[in-house]
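This is what each chain is made of:
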Amino acid sequence: MKLLTYQNASGEQKIGILDNDTIIDIEKLGHKSNETFPGTMLELIDAGLDEVKKIQNAYGSANENTIAAVSIPMNEVTVLAPIPKPRKNIIGIGLNYTEHVAESARTLDTSKELPQKPVIFSKPPTTVTANNTEILLNPKLTQQLDWEVELAVIIGKKGKYVKKEEALDYVFGYTVINDISARDCRRAGQWIVSKGQDTFAPMGPVLVTKDEIENPHNLNLSLKLNGVEKQNSNTKFMLFNINELIEDLSTVFTLEPGDIIATGTPAGVGAGRDPQEWMWNGDVVEATVEGIGTLVNTVKEINV
């Protein structure tokens, strides 16, 4: 299923199934089916994929009148990030595509050698923003605002010392993240100031449950800036694939339901271009991952 979080006209946050341009209200669907379904995305992730199957069955068996009663047009709501406020920092993976390692070594202070283990950083929950929202550019902090399209993995169950062969059993689903980076805000090799500013993790537009993605290691991903393609690659070119990332991360700390792993970006970022390119006020950036959708955001300069 393609799931989303939205805010209705009354200001309530709810979750729904996206079916073309219509939202199926999951809570209302439950009432019509004599079931009590979770009311938030994190509650649904906590309940697990068995709960997703119940929702799928309820939707699949609903008649036309029921569907009409629980349907909401997209233009009547505000779509939020699938997980508007994660419980913990987003787990970021740096330098996870070979060509991106090379371009970063040319223009940034990173090694030209391929990482022997995943490079891990994090982005605070306040970095999250939704599709069709603004990325805030504070010119006093950065003059080098950059883009990074990434496949994001949503963890579905608690895991510690997970074997890579079993790693995908711990996945709930996938979404798109644009790992916005202020290249001139790195401090002594630390990345959190560069990557952790408010709105620096646009996410969405939907969360796709893992049953919809046959092979997460063969998905095209691309990015356009003002309609011009800047990145185009495939997740098969990850240096460390999702199984390996989950195995490695779970040896460091316990993975929990709702954890988000941004799996890294391919080549084509602004910092790697000659001459370098950055995002400025009014720029529109579109990040796309096959099977999930396109995440669109506009850069807005702020004066503080």
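What counts and what doesn't
The numbering scheme is per chain: residues are counted from 1 as the chain's sequence reads. With the structure being a predicted model, the display of local features is reserved for residues of pLDDT at least 70 and the display and counting of side-chain atom pairs for 80 or more, all residues being used for whole-chain, interface and lining totals. Neither water nor hydrogens contribute to the side-chain values; these are computed over all heavy atoms in the structure. Helix and strand labels come from DSSP, where a helix needs a run of H or I of at least four residues and a strand needs a run of E of at least two; each type is numbered from the N terminus. Accessibility here uses a 1.4 Å probe with only protein chains present; expressed as a share of the type maximum, an area under 20% marks a residue as buried, one over 50% as exposed, and anything in between as partly exposed. Residues count as neighbours in contact if any of their non-hydrogen atoms are within 4.5 Å of one another. Two N or O atoms count as a polar contact when they lie within 3.5 Å, although within protein this holds only if one can serve as hydrogen donor and the other as acceptor, and sequence-adjacent residues are included solely when both atoms are side-chain atoms. In this text, buried Ala, Val, Leu, Ile, Met, Phe, Trp, Tyr and Cys residues form a nonpolar core when linked through side-chain atoms within 4.5 Å.

Student: Please provide a residue-by-residue account of the environment of lysine 140, values included.
Tutor: Locating lysine 140 in the fold gives a position in the loop between β9 (133–137) and β10 (145–146). For lysine 140, a relative accessible area of 68% corresponds to the exposed category. Between the C-alpha atoms of lysine 140 and isoleucine 302, which are 162 residues apart in sequence, the distance is 9.3 Å.

Student: If you had to explain the environment of valine 304 to someone new, which residues and values would you point to?
Tutor: Mapped onto the fold, valine 304 is located in the segment after β19 (293–301). Its relative accessible area of 60% is what places valine 304 among the exposed residues. C-alpha of valine 304 to C-alpha of asparagine 138: the two residues are 166 residues apart in sequence and 7.5 Å apart in space. Among all residues touching valine 304, those that are not within four sequence positions of it are Asn138 and Lys140.

Student: Any details on the side chain of asparagine 178? Residues and values, ideally.
Tutor: In this fold, asparagine 178 is placed in strand β12 (residues 171–178). At 3.0 Å, the side chain of asparagine 178 forms a polar contact with the backbone nitrogen of glutamate 148. Among all residues touching asparagine 178, those that are not within four sequence positions of it are Trp147, Glu148, Val149, Phe200, Ala201, Pro202, Leu223, Val285, Ala287 and Leu295.

Student: Pulling in residues and values, what's your account of the nonpolar core?
Tutor: Note that soluble globular proteins tend to have their nonpolar side chains buried in a common cluster. Counting 49 residues, the largest nonpolar core has Ile246 and Ile292 as the members making the most contacts within it. The residues touching isoleucine 292, leaving out its near neighbours within four places in the chain, are Lys2, Leu151, Tyr174, Thr175, Val176, Val206, Val208 and Ile213. Within the second largest apolar cluster, 31 residues are counted, among which are Phe37, Met41, Val52 and Val128.

Student: Can you lay out the environment of valine 228 for me, pointing to particular residues and giving the numbers?
Tutor: Of note, valine 228 is situated in strand β16 (residues 228–234). With relative accessibility at 46%, the residue valine 228 sits in the partly exposed group. Spatially, the C-alpha atoms of valine 228 and isoleucine 23 are 31 Å apart, while their sequence positions differ by 205 residues.

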